[in-house]
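Fold and contact review
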Amino acid sequence: MRSDGILGAGGGGGSDQNRATAVVASRRRWLKRRETWLVLLGVALHAVYMLSIFDIYFKTPIVHGMDPVPPKFSQPPAKRLILLISDGLRADKFYEPDVDGNYRAPFLRNIIKNQGRWGVSHARPPTESRPGHVAIIAGFYEDPSAVTKGWKANPVEFDSVFNQSRHTFAYGSPDIIPIFCSALPHSTWNSYPHEYEDFATDASFLDEWSFDQFESLLNRSHHDPKLKELLHQDKLVFFLHLLGCDSNGHAHRPFSSIYLNNVKVVDKIAERVYHLLEDYYRDNRTSYIFTADHGMSDKGSHGDGHPTNTDTPLVAWGAGIKYPRPATGHSHSDSVTSFVDKHAHDMPTPYDWGLNRVERVDVNQADIAPLMSTLVGLPCPVNSVGNLPLGYMKLNEAEEVEAVLANTKQILNQLLRKSHIKMSNSLFFKPFKPLVDPSSSLSQIDELISAKRYEAAMKLAVDLRHLSLEGLHYFQTYDWLMLMTVITLGYTGWMIVLALHVLQCYSSLSGDLSRKGHLSVQKKHSTKVYLSGSMLMAILTLLNLIEHSPPLYHAYIGMTVFLWTQILSEYRLIRGLWIYLRERKAGYFIKLLFAAAVSVVIVELLVHSFTERKLYTWFFLIAGFVSSILLHISIPWRSGIPVFVCISCWFLSVFTLMPAEIPDNNNLVVMSGAIIIVISLAAKWLDTHAEGNKFWESITFHESRKPMWSKLYFIQIILVGASSVMVFLSTKHRTQNQELHSSHQFINWLVAGSSMVLPLFSGNGILSRLSSIFLGFAPPFLLLSIGYEAVFYSALAVVLMAWILFENASHYSSKVKDSSLSEQNTEEHVTIGSEERYLQLSDVRIPLIFMVLFNVAFFGTGNFASIASFEISSVYRFITIFSPFLMAALLIFKLFIPFMLVICAFSAITKLVRVPRLGCYFLVILFSDIMTIHFFFLVKNTGSWMEIGNSISHFGIVSAQVVFVLLLFALTNLYTRTIRVKPLSSSPSLKTL
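Cut-offs and rules
- Residues numbered from 1 in each chain as written.
- Predicted model: local features only at pLDDT ≥ 70, side-chain atom pairs only at ≥ 80, totals over all residues.
- Heavy atoms only, no water.
- UniProt positions renumbered as here; feature names shortened; annotations may be inferred.
- Helix = DSSP H or I, 4+ residues; strand = E, 2+ residues; numbered from the N terminus.
- Buried < 20%, exposed > 50% of the residue type's maximum accessible area, 1.4 Å probe, protein only.
- Contact = heavy atoms within 4.5 Å.
- Areas by Shrake-Rupley, 256 points an atom, 1.4 Å probe, with all protein chains shown as cover.
- Axes fitted to C-alpha atoms, helices over the stretch in contact; angles between N-to-C directions.
- Nonpolar A, V, L, I, M, F, W, Y, C, P; charged D, E, K, R; others polar.
- Salt bridge = Lys/Arg side-chain N within 4 Å of Asp/Glu carboxyl O.
- Patch = residues over 30% accessible without salt bridge, like charges linked within 9 Å, V, L, I, M, F, W, Y side chains within 5 Å.

The name recorded for the protein chain in an unreviewed UniProt entry is GPI ethanolamine phosphate transferase 1, from Eruca vesicaria subsp. sativa. For the record of the protein chain, the UniProt heading Function (unreviewed entry) holds the text "Ethanolamine phosphate transferase involved in glycosylphosphatidylinositol-anchor biosynthesis. Transfers ethanolamine phosphate to the first alpha-1,4-linked mannose of the glycosylphosphatidylinositol precursor of GPI-anchor."

Structure (structure tokens):
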């Protein structure tokens, strides 16, 4: 009888047994070398392509070599600027009244209504302190290449308002002030020690410290002539960083009285600074800017793009600032076409702010930098992308045009510099077409200014600025299309190589094509393909060298060319496959398309499950129902298997609805030990009494039974019980005495360590060995558990058992038996093994189910990136003294235990249904790489650091599966390699079932 191969190819006619015996050894050696090479290629490919996201998404936008462009003023509006940044101050908490109807910032509200301008400054995620201050002071948003520094610093030097100033005086946090002033020779600065940042206290005293430093500076000048002379120079910048609101928001939440009182403290400091400077200078030549770097969520955190984090107050007054105007219309901006936080804007000002009648001018956070520069007549920072907000500035029409033109030229210079760098290194340079000749636009603007046609000149300057910003984005993403195409082709080529390998070595397709003469093309073709591929690689390498491309560009292109050369070298197989498919009937293509559609749906579900764990709940609810129906068609309900499979799937579906932050529940962990014992006793009873049952005999088969196995089984049960008792005792003692008793620690280590060795000596039947593995890993998992994840361990094991039963029933109820193992098929089978059959199309379900369960091991109780997965209290029953490496090793081991169970069950199933495990492994990697391509396009370089980091980790996790899964296969092989299944010769025929 014939068995369909993975594409439906039959095993076909007989072959000479002697010839098969003669070639078996060489074929196996060839296969081993080929698969070793394939695995090494996969590891190298994923390692190289994983780095590509840093060349695509995380290249710095900062360039150097541009000349500053000062505005052409006869006299700048101000001689000096005071910048007050209240770290972590939300716009709504600043503008709204308190419960008594009194406003928290009376001084600044008076400024808004009588002296200056106001609005909301829109921050762009990540809404963190360093990126926020860089946007305000330097005029550009988070440099995505900061990911290489762990987000702790800007990796590339940049220009700022402070750099352009004559002198800068700065006081505040040690995390902010040194970023801008530590390497700035013309600066005077100071910061308090890190120890001052105590979350247990009211942090408003930090704001007072900054003000005291500033006041002390002015007081010293009365006795220091040089300092006084410096303070009376122009182009000065004073910066006070007020950290109180941020620290109090984190510690006490933004609704707390401490945070809200800190708003009053900040307002009072602004008032004192204003009066101090006005009394000191008495020349009305000082500009004041008050704002915040980011807001604060209701939970006391920040970083994402929620309006509570992105909306910050902005108040400006003094020299060069317009006076208040009555509100007209709903627009809150006169110069910004879109805001960087991507929220709905131009909404009415909240009524309780009491500012509906005063004109509001919103800005993007980076717009504050050109505003400050222009006020004191400085060039805008050369890396700034901010638009000058004219709604704040008191200038005549000619000065407005000159100010905007200087802002435009500064952004245009960045574009021209990037264009020059790219053109000098490109053989086939593609310019930014909308702005090929900016000099003509600049000349036209100058002519309009000379003719005093300021309105037309302003429009052209604004349009040119907008095009320059688009051009900056164009050159920032200049190589994206090429790199993304190369990487996508590389992944696609790798998947085709895997598919061809599986078809050639693990399906009967190759033998079937040989018999039909479809592989008769001369082998000279392969030599030509390799020669052509080598020439193409040499040409592309030369082009990359001429263009001074980074070294990794060579690796990306070389890897892709190599893969496609390998594919084309298999021209005979591809051609034969095409001829074979053309001969098939419509019904075959329907089956093939259905299998492909189901595979795509499952893979896409897995992709989306990385951000939505609840998808697994729906999956297992549906899987339980569908699988029980399919089993009912094959076997009677009285066997209990369909019901068991359905209930086990539904039970597991509950866990992905639970919170990722696992709450402590010591009693639940202890009870989980009892659940594990009950499950194992049930498995032991089945292993002993169900051997004659036709639906169980394959998994309860033993070549022999040793008395030692039963004793070993009950020793394992005792160890599980002991671990449950130690969970209770260790936790109770540690809670009462604040320490881990040394005897408890010794017993915990002993129980956990010894239990994992015992499965190696258990019975070699599928059910007995897997039950022993389940018991063996239970004690360490229980001792490392703090809550419901202990129950998840049992639920996952029960579903794995259900999977084995499903595969067992499907295998033995199939109408088509394993004819590829018959004597007539030996030649084609020698590359697999005498106890394995060819893969069939229906076998695709095995790697797909494996991937689902493998990912459930990630997300059943959280994932690698979640708080739950790395809850430090999980290790307190083994160690309490801080030891980062040992603690990290224990936490990671806890995460690996569910993976071990899944892979052990997978290995047992491949033996049960007699399919090659490596063939299934390659299919797992193939499906994983479909996910990898998807995550490659989902990598983010904007948003909160958590969002960016998660997108990188998701891509990295699926990319690493080629190594990760293989290593776990090798590790679990210690436990599963001696598993025995019923020999084919003793297997009952379909009729006897």
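So, next bit.
Moving on: the overall build of the protein chain. When you go through the protein chain residue by residue, the secondary structure sums to 35 helices and eight strands. Burial status across the protein chain gives 56% buried among its 993 residues. Once local pairs closer than 6 in sequence are excluded, the contacts in the protein chain between residues at least 24 apart make up 80%. Accessible area of the protein chain: about 41900 Å², with a carbon and sulfur share of 62%.

A few words on the packing of helix 4 (residues 129-138) against helix 12 (residues 368-375). At a minimum axis distance of 5 Å, the contact between helix 4 and helix 12 shows a crossing angle of 35°. On the side of helix 4, the interface is formed by A135, I136, I137 and A138, while helix 12 contributes I368, A369 and M372. Broken down by class, the residue content of the contact of helix 4 with helix 12 amounts to seven nonpolar, no polar and no charged.

This brings us to the pattern of salt bridges. Using the criterion set out here, one finds 17 salt bridges in the structure. For the salt bridge of E96 with R104, the shortest nitrogen-to-oxygen distance reads 3.6 Å. Residue class for R104 comes out buried when judged on its relative accessible area of 6%.

Let us look at a nonpolar patch on the surface. There is a patch of nonpolar side chains on the surface, built from W618, L621, I622, F625, V626, I629, L630, I633 and W650 and spanning about 920 Å² of accessible area. For the nonpolar patch, the leading source of residues is helix 22 (residues 615-634), giving eight residues. Along the polypeptide, L621 turns up in helix 22.

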